[in-house]
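# Observations on chain architecture
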Amino acid sequence: MEKFKLEITHVCKQSGARLGILHTPHGSVETPMFMPVGTLATVKFVSPEELTDMQAGVILSNTYHLWLRPGEDIVKQAGGLHKFMNVQRPILTDSGGFQVFSLSDSRKISEEGVTFKNHLNGDTLFLTPEKSIQIQNDLGADIIMSFDECPPYPASYDYMKASVERTLRWAKRGKEAHQRSEDQALFGIVQGGEFEDLRKFSAESLVEMDFPGYSIGGTSVGETKETMYKMIDYSIKYLPEDKPRYLMGVGSVDAILEGILRGVDMFDCVLPTRIARHGTAMTSLGRVNIRNAQYERDFSTLDPECDCVTCKNYTRAYLRHLIKCNEGLGQRLLSIHNLRHLIRLTEMARVAIKEDRFLDFKNEYFERLGLNDKNARGF
């Protein structure tokens, strides 16, 4: 599709990490990038205008949840997600496939699709590859996802093999059902767990189907970071150089930088906003639990290196007061900060790639956060 293209502008001579521009029907954005997650057509506590101010490139929404509320027909009638949300930038919708994983207690997988229980009222729902694509066509995002199964970790080789083969059949069905290929880029999703041959089989089969972009799925579902990096390595070497690569559901600093090193262009995760709502900030010196008593009389800025509205205007003591009192403003301000922190991280990564020093940048950042220890917690 002519409206959608990844333009690689530079490859870091030191590390091989890539710098690019992703062209979409709703504008061009630089890669690598972190994408805020707006499950119900909203990034919790953050307005579209604030997302613009923090230089967010692409915004995510969730097919399964929007199918239930308000319904894809209402979003379509509104003119699509862009008009419904008042967002003037690219949007990506997932396929509902992650709910196959997260709602495992109430679903049944068959060749035709997945039977769910509606988590809101208990009604029985049935989602197929064709239905997932139809919903996403109606939602109108720039980038949409193939319907897949995100298998649990760990899973046996036989289970994973059968799952990968079915997911590939679903990908083919979804591609055939796609009605808006001229203005919506449908990505294939590489699965295969920790098994190198299955990752290779999945990636090569999807590339043969010729999708406009490719996602690496099945990561960040309980495996160690070391295992996750192997999953990326096992997948990415079989994906085309000239198409975008999206690592799904990953939002810690170390995993983002390790992903960029391996050639990933796009990342998303609910992590920054989820931990913000519980009082945790991601800073240039590591995570800060603002609830801690040590910040009660701390009138310094949350992160002196950050340029977000929170750090420019409010102290740690005030943020602690808001969170301790369960005030929505505190959750908003920490959410804005955490999102800007990861967006700014990818901005700095892009500069380092352009200057052919990404490996130095990553190592220095890890050193500062104490992440060179393999047992260190990701920040």
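Above this text you will find the structure in question.
What comes next concerns the included structure. These numbers were taken from a predicted model, which means no experiment stands behind them. (Residues numbered from 1 in each chain as written. Predicted model: local features only at pLDDT ≥ 70, side-chain atom pairs only at ≥ 80, totals over all residues. Heavy atoms only, no water.)

The number of helices and strands found in the chain is 15 helices and 16 strands. Here the chain has a C-alpha radius of gyration of 20 Å; the compact-globule value for 379 residues is 21 Å, and the two agree. Counting only C-alpha atoms, the chain reaches 60 × 50 × 40 Å along its principal axes. Every one of the 379 residues in the chain was classed for burial, and the buried ones make up 57%. In the chain, once contacts between residues fewer than 6 apart in sequence are set aside, the share between residues at least 24 apart is 66%. Summed over its atoms, the accessible surface of the chain is roughly 15800 Å², and 48% of this surface lies on carbon and sulfur atoms. Mean positive and mean negative side-chain charge positions of the chain (47 and 51 charges, respectively) differ by 3 Å. (Helix = DSSP H or I, 4+ residues; strand = E, 2+ residues; numbered from the N terminus. Rg over C-alpha atoms; globule rule 2.2 N^0.38 Å. Buried < 20%, exposed > 50% of the residue type's maximum accessible area, 1.4 Å probe, protein only. Contact = heavy atoms within 4.5 Å. Areas by Shrake-Rupley, 256 points an atom, 1.4 Å probe, with all protein chains shown as cover. Lys, Arg positive; Asp, Glu negative; His and termini not counted. Charge placed at Lys NZ, Arg CZ, Asp CG, Glu CD.)

What follows concerns the sheet that holds strand β9 (residues 124-127). The strand order across the open sheet formed by 3 strands is β7-β8-β9, and the pairing between neighbours is antiparallel. Either end of the sheet is taken by a strand with one partner, and the two such strands are β7 (107-109) and β9. Put simply, the sheet's adjacent strands are angled 15 degrees from each other on average, direction ignored. Relative to β9, strand β8 (residues 114-117) runs antiparallel, the two being bridged by 4 bridges. (Pairing = 2+ DSSP bridges. Axes fitted to C-alpha atoms, helices over the stretch in contact; angles between N-to-C directions.)

On to unusual backbone geometry, then. Cis geometry is adopted by the peptide bond preceding Pro70, which originates at Arg69 and carries an omega value of 5 degrees. The topology assignment puts Pro70 in the loop between α2 (63-68) and α3 (72-78). Looking along the chain, the bond that leaves Tyr153 and enters Pro154 is cis, with omega of -5 degrees. The phi torsion at Ala41 lies on the positive side, around 65 degrees, for a residue other than glycine. If you trace the backbone, Ala41 turns up in the loop between β4 (33-35) and α1 (48-53). With phi around 60 degrees, Asn86 is a residue other than glycine that occupies positive phi space.

A separate point is the sheet that holds strand β6 (residues 91-93). Spatially, the 8 strands line up as an open sheet ordered β4-β14-β13-β12-β11-β10-β6-β5, and their pairing is parallel. The sheet is open, and its two edges are formed by β4 and β5 (59-61), each paired on a single side. Pairs of neighbouring strands in the sheet enclose a mean axial angle of 25 degrees, with direction left out of account. Relative to strand β11 (residues 185-190), strand β10 (residues 143-145) is paired through 3 bridges, and the arrangement is parallel. Along β11, the bridge assignment pairs Ile144 with Leu186.

Bringing helix α14 (residues 328-354) into the picture now. The end-to-end C-alpha distance of α14, which contains 27 residues, comes to 39 Å, matching closely the 39 Å that a straight helix rising 1.5 Å per residue would cover. Positive phi shows up at Asp356, right after α14, with a value of about 60 degrees. (Expected span 1.5 Å × (residues − 1).)

What follows is about the packing of aromatic side chains. Per the stated rule, a full pass over the model turns up 8 aromatic pairs. Geometrically, the ring pair formed by Phe211 and Tyr214 is edge-to-face, given 6.2 Å between the ring centres and 80 degrees between the ring planes. Tyr214 matches Phe211 in its accessibility class, with the two residues each being buried. Ring centres of Phe361 and Tyr365 lie 5.7 Å apart, and the angle between their planes is 55 degrees; on these two criteria the pair is classed as tilted. (Phe/Tyr/Trp six-rings, centres within 6.5 Å; stacked < 30°, edge-to-face > 60°.)

The subject of this paragraph is empty space enclosed by the protein. Scanning all chains against the criterion turns up 1 cavity of 30 Å³ or more. Lining of the largest cavity is provided by Pro151, Pro152, Tyr153, Met160, Gln191, Gly193, Gly218, Val221 and Met231. Tallied by class, residues from the lining of the largest cavity come to 6 nonpolar, 3 polar and no charged. (1 Å grid on protein atoms, 1.4 Å probe; cavity = no way out; pocket = protein on both sides within 12 Å on 5 of 7 lines; lining within 4 Å. Points joined across faces, edges and corners; volume = space filled by probe spheres on them. Nonpolar A, V, L, I, M, F, W, Y, C, P; charged D, E, K, R; others polar.)

Membership of the largest hydrophobic core comes to 77 residues, with the highest contact counts inside it found for Leu257, Ile260 and Phe358. Ignoring anything within four residues of it in the chain, the contact list for Ile260 reads Ala17, Pro32, Phe267, Ala349, Ile353 and Phe358. In terms of nonpolar packing, the next biggest core, distinct from the first, is built from 18 residues, Val29, Met35, Val37 and Met145 among them. (Core = buried A, V, L, I, M, F, W, Y, C linked by side-chain atoms within 4.5 Å.)

The subject of this paragraph is the environment of Phe116. The topology assignment puts Phe116 in strand β8. Since its relative accessible area comes to 1%, Phe116 is described here as buried. Taking the C-alpha atoms as reference, Phe116 lies 9.3 Å from Asp105; in sequence the two are 11 residues apart.

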